[in-house]
Amino acid sequence: MYALLFAENGLSPAQISSLFVIWSVTGFVLEIPSGVWADLVSRRALLTAAPLLTGAGYALWTFVPSYWSFALGFVLWGAGGSLRSGTVQALVYEELGRCGRQDRYPVLVGRSAAIGTTAVAAASALAAPVLAAGGLRAVGLASVLVTPLCAAVALTFPESRRHREIPHLTNPLAVLREGLAQVREGPVIRRAITVLSVMSVIGAMEEYVPLLAQATGVSAGTVPLLVLLVSVGGMAGGWFAGRGQGALAPALVLAAVCLAAGAAGVAARHPAAVTLVAVAFGLVQWASATLDARLQDEISDGARATVTSMAGVGVEIVSLAVYGGYAAGSVWAGPGPLFAVAAVPYLVIAFTVRRRKRA
């Protein structure tokens, strides 16, 4: 609902776009430094602080609305997201490793993503009555109050890692050098980071799913239902993560085919074609958890969060490229053809994964 808040306070579309740029740049700049920090200090403490930073940004928006408050709020939100990115993956993987259960990692990552998507859908449904009852300030206050609950959940995470348990990694530069060395000397790690980055194409395209649904020609009231259908597809993929990992390449080919065919159906104004798009989103969500686990299997402890954050930087770059590409392509084509083009990277990834398996 924050776009409505910005508009209600008199911001122009250009000013609102500038806020999104501030948000993206903050995450991009802080991604790797926050990963280095997570390899030096308590990861649980960082995960506890992350939602509180975001909540502080929401509070500024709610109680001191102005352009500069909105800008600072996005900086705080971007900082909170950076603290979480890479940190949670490193903590979960290493704790599972100490129990000898690394095989559970893709299952937990997939279910976490599914629950997150479910929570977003539930929050979106609740936003309407809250907005009707108390306006944007009530929505903002509810958003602020949720963040301490997130921090409380983070406090329950187990963390048996001792700070500086690897003697030579005692300062930020040492950790950064270790992370860069792992990437430089590990072709498998480099390939995994590249693949995970490209996998985020469909995540960036998710921002345009409402436009895709609208392009089918359905009524305005039906659009949210089609968007929900795609979200359900992503949730299902998350719940099945960790199963059938040997079918990764065929699943990615199927995802590409479903995405392209669904997009073509949308271009022909067939609402049912969105079901194929939902299947594609589910398959990509399932595959992403598997590929994330493969990356974690290759990283050595000591700079795990740092290397994982490098993958996060790749995701940011790919997302920005998708946003720019969609903006440019929308001059000549509608959502259907643009979503069909987004299927191509998954065929390339499927080929890469298949070739690696044969090697």
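Keep in mind that this is a model prediction, so the values were computed, not measured.

S.K.: Before we move on, could you go through the confidence of the model for the chain and cite the residues and values that matter?
M.R.: When pLDDT is low, close inspection of the predicted coordinates is not appropriate. Mean pLDDT over the chain: 88, with 96% of residues reaching 70 or higher. The secondary structure element of the chain with the lowest average pLDDT is helix H1 (residues 2–8), at 79, and the one with the highest is helix H3 (residues 43–63), at 95.

S.K.: A description of the nonpolar core should follow, citing residues and the corresponding values.
M.R.: Core analysis: the largest hydrophobic core is formed by 56 residues, its most contacted members being Met199, Leu252, Phe339 and Tyr346. Here this core takes 11 residues from helix H13 (residues 274–298), the largest share from any one element. Discounting residues that sit within four places of it in the chain, phenylalanine 339 has contacts with Met205, Tyr208, Val209, Leu212, Leu259, Ala263 and Tyr326. Listed in part, the 13 residues of the second largest apolar core include Phe6, Ile16, Tyr58 and Phe74.

S.K.: So what's going on with the packing of aromatic side chains? Which residues, and what values?
M.R.: In total, this model carries 16 aromatic pairs according to the counting rule given. Ring plane angle 5 degrees and centroid distance 5.9 Å describe the contact between phenylalanine 74 and tryptophan 77, whose orientation is recorded as stacked. One end of the pair, phenylalanine 74, and the other, tryptophan 77, are both in helix H4 (residues 67–84), three residues apart, so they sit about a helical turn from each other. Note on accessibility: phenylalanine 74 and tryptophan 77 belong to one class, buried.

S.K.: Lay out a nonpolar patch on the surface with the relevant residues and their values.
M.R.: On the surface, a cluster of nonpolar side chains totalling about 490 Å² of accessible area is made up of Val21, Val25, Phe28, Val29, Leu30 and Ile317. Among the elements that make up the nonpolar patch, the one with the highest residue count is helix H2 (residues 13–38) (five residues). Structurally, valine 29 is set in helix H2.

S.K.: Explain the pattern of salt bridges residue by residue, including any values.
M.R.: Going through the model one piece at a time under the given rule, you end up with six salt bridges. Taking the shortest distance from any N to any O, the salt bridge between aspartate 39 and arginine 43 comes out at 2.6 Å. A relative accessible area of 5% means that aspartate 39 is categorised as buried. The class for arginine 43 is buried, based on a relative accessible area of 2%. With its nearest N and O atoms 2.9 Å apart, the salt bridge here joins glutamate 94 to arginine 43. Of this pair, glutamate 94 sits in helix H5 (residues 87–98) while arginine 43 is found in helix H3, placing the two residues 51 residues apart along the sequence. Just as glutamate 94 is buried, arginine 43 falls in that class too. Through salt bridges that share partners, Asp39, Arg43, Glu94, Arg98 and Arg304 make up one connected network.

Cut-offs and rules
- Residues numbered from 1 in each chain as written.
- Predicted model: local features only at pLDDT ≥ 70, side-chain atom pairs only at ≥ 80, totals over all residues.
- Heavy atoms only, no water.
- pLDDT = per-residue confidence, 0-100.
- Helix = DSSP H or I, 4+ residues; strand = E, 2+ residues; numbered from the N terminus.
- Core = buried A, V, L, I, M, F, W, Y, C linked by side-chain atoms within 4.5 Å.
- Buried < 20%, exposed > 50% of the residue type's maximum accessible area, 1.4 Å probe, protein only.
- Contact = heavy atoms within 4.5 Å.
- Phe/Tyr/Trp six-rings, centres within 6.5 Å; stacked < 30°, edge-to-face > 60°.
- Patch = residues over 30% accessible without salt bridge, like charges linked within 9 Å, V, L, I, M, F, W, Y side chains within 5 Å.
- Areas by Shrake-Rupley, 256 points an atom, 1.4 Å probe, with all protein chains shown as cover.
- Salt bridge = Lys/Arg side-chain N within 4 Å of Asp/Glu carboxyl O.

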